[in-house]
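# Structure at a glance
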Amino acid sequence: MVIKKPNAPKASEITPEETFLNRRNFIRAGVLAGTTLATAGVYRFINAPAPPEVETAQIPNIENKNVFTVDEQMTSFRDITNYNNFYEFSTGKTSVAAKARDFNVRPWTIEVGGLVQKPKTFDIEEILKFPQEERIYRFRCVEAWSMVIPWVGFPLKTLLDKVEPTGAAKYVAFETVYDAKQMQSSFSAGIDFPYVEGLRLDEAMHPLTILATGLYGKLMPNQNGAPIRLVVPWKYGFKSIKSIVKITLTDRVPTTTWNIANGREYGFYSNVNPNVRHPRWSQATENRIGELSRRETLMFNGYADQVASLYEGMDLKKNF
Ligand SMILES: Nc1nc2c(c(=O)[nH]1)N[C@H]1C(S)=C(S)[C@@H](COP(=O)(O)O)O[C@H]1N2
Ligand SMILES: [Mo]
């Protein structure tokens, strides 16, 4: 029995993934409403058949553990790898794992360029040789569900320092691979591909911002953004772009996928903020996957001590 708290989105406010407008119909109809991320109902694997588990290899060179952690129970491997948002494969969270199963992530390169002294295309094998750390972070989706995930990765700053951003660089733009042959939802997802995201340079250089290469000590499962994805724990999950092939230093605010799809609902900053409502639901509480009652959402997802200073003097309602 699930008892809805007053802050939980009402059933009438929830847009089921199945009713997403097909982009072509959307254009034909001339509808002005934007595309939206659906809100999640309470989710549990009770009585669900065991999902197929694809084992990835152990990451051998994890140097730091227990430096960045939270005093909250980790979400199970099974839930982290079977409840996903990865619209290139499916808009159905529990369908992504199966659809991404055969996604081939080798060979893989990341092109890093733009306003830098030393542009370079990195091979994933070279990146995996960087010292890796375990980072146990809270992860909060804008749809008001959350997890605690033991990522493996390294600070994004480590990579950016290697290409030497110039003084003119103010932002970092990221791009996901788009391979129509291997991915499936080019039109029905309702968002444009390739998926793109961005950060301000100081956010990108912040010690909490990582490029993640795995989770639970193993190489990144395809459904979670193999072979490498961004993780910015104080921002809503959609900022944490998956399967990155390109990183560009720039002096302009980068275009971001959900902002193009619906700028009224999804801003550039997208910092977790319990005091700023999504236009269609409260962000004051969240459904921690695996728990029964809702939790209070924390300012900057619990990382305010470390990141609030980045936004000093900014109106967080305006810059949502
Ligand atoms: N390329 C790409 N990156 C993406 C998404 C996506 O659809 N495509 N979804 C985002 C959203 S909305 C969330 S909540 C997280 C989900 O990450 P997870 O499946 O590893 O939990 O990935 C983000 N990164
Ligand atoms: Mo999300």
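Residues numbered from 1 in each chain as written. Chains lettered and ligands numbered in written order. Predicted model: local features only at pLDDT ≥ 70, side-chain atom pairs only at ≥ 80, totals over all residues. Heavy atoms only, no water.

### Brief notes about the overall build of the protein chain
Tallying secondary structure elements over the protein chain gives 8 helices and 13 strands in all. Counting all 320 residues of the protein chain, 54% fall into the buried class. The contacts of the protein chain with a sequence gap of at least 6 include a subset with a gap of at least 24, amounting to 75%. As displayed, the protein chain offers around 14500 Å² of accessible surface, 52% of which is attributable to carbon and sulfur atoms. (Helix = DSSP H or I, 4+ residues; strand = E, 2+ residues; numbered from the N terminus. Buried < 20%, exposed > 50% of the residue type's maximum accessible area, 1.4 Å probe, protein only. Contact = heavy atoms within 4.5 Å. Areas by Shrake-Rupley, 256 points an atom, 1.4 Å probe, with all protein chains shown as cover.)

### What about the site of ligand 1?
Inspection of the region around ligand 1 gives 18 residues, with Asn 84, Tyr 87, Glu 88, Asn 224 and Lys 242 positioned closest. Separating a nitrogen atom of ligand 1 from a backbone N or O atom of Ser 240 is a distance of 3.0 Å. The contact in question runs from an oxygen atom of ligand 1 to an N or O atom on the side chain of Lys 242, over 2.7 Å. Its free accessible area being 540 Å², ligand 1 has 100% of it covered by the protein chains. Looking at the shell around ligand 1 residue by residue, the class counts come to 9 nonpolar, 6 polar and 3 charged. (Near = heavy atom within 4 Å. Polar contact = N/O pair within 3.5 Å; in protein donor to acceptor, adjacent residues only side chain to side chain. Nonpolar A, V, L, I, M, F, W, Y, C, P; charged D, E, K, R; others polar.)

### Observations regarding the nonpolar core
Formed by 81 residues in total, the largest nonpolar core has its most connected members in Trp 151 and Ile 247. It is strand β5 (residues 145-155) that contributes the most residues to this core, 6 residues altogether. Discounting chain neighbours no more than four positions away, the residues touching Trp 151 are Glu 133, Glu 134, Arg 135, Tyr 137, Phe 139, Ile 210, Ala 212, Gly 214, Leu 215, Met 220, Arg 229 and Val 231. (Core = buried A, V, L, I, M, F, W, Y, C linked by side-chain atoms within 4.5 Å.)

### Describing the sheet that holds strand β6 (residues 171-176)
On the basis of which strands lie adjacent, the open sheet formed by 5 strands has the order β3-β2-β11-β6-β7 and mixed pairing. Edge positions in the sheet fall to β3 (120-123) and β7 (196-200), since each has one partner strand and no second. Between one strand axis and the next, the sheet turns through 15° on average, direction left out of account. (Pairing = 2+ DSSP bridges. Axes fitted to C-alpha atoms, helices over the stretch in contact; angles between N-to-C directions.)

### Describing the pattern of salt bridges
Applying the stated criterion across every chain, the model contains 17 salt bridges. In this structure, the salt-bridge partner of Arg 288 is Glu 286, at a minimum N-O distance of 3.5 Å. Here Glu 286 falls in the buried class, since its relative accessible area comes to 2%. (Salt bridge = Lys/Arg side-chain N within 4 Å of Asp/Glu carboxyl O.)

### Describing the pairing of β7
Two faces belong to every sheet, and in a regular strand the side chains alternate between them. Counting buried residues along β7, 5 of its 5 residues qualify, which places the element largely inside the surrounding structure. Because side chains alternate across β7, one face comprises the buried residues Val 196, Gly 198 and Arg 200, and the other comprises Glu 197 and Leu 199, equally buried. Sheet topology places β6 next to β7; 5 bridges connect them, and they run antiparallel. If you follow Phe 174 over to β7, its bridge partner there is Glu 197.

### A short note on the packing of aromatic side chains
In this description, a pair of aromatic rings is defined by centroid distance and the angle of the planes. For the structure shown, the criterion picks out 17 aromatic pairs. Ring centres of Tyr 137 and Tyr 303 lie 5.9 Å apart, and the angle between their planes is 75°; on these two criteria the pair is classed as edge-to-face. With Tyr 137 in strand β4 (residues 132-140) and Tyr 303 in the loop between β13 (295-296) and α8 (304-307), this residue pair connects regions lying 166 residues apart in the sequence. Comparing Tyr 137 with Tyr 303, the two get one shared label, buried. The side chain of Arg 138 reaches across the aromatic face of Tyr 303, ending 5.3 Å from its centre. (Phe/Tyr/Trp six-rings, centres within 6.5 Å; stacked < 30°, edge-to-face > 60°. Lys NZ or Arg CZ within 6 Å of the ring centre and 35° of its normal.)

### Here's the deal with the side chain of Ser 146
For Ser 146, the location among the structural elements is in strand β5. A polar atom in the side chain of Ser 146 sits 2.9 Å from the side chain of Arg 288. Beyond its immediate sequence surroundings of up to four residues, Ser 146 is in contact with Phe 139, Arg 140, Glu 286, Asn 287, Arg 288 and Ile 289.

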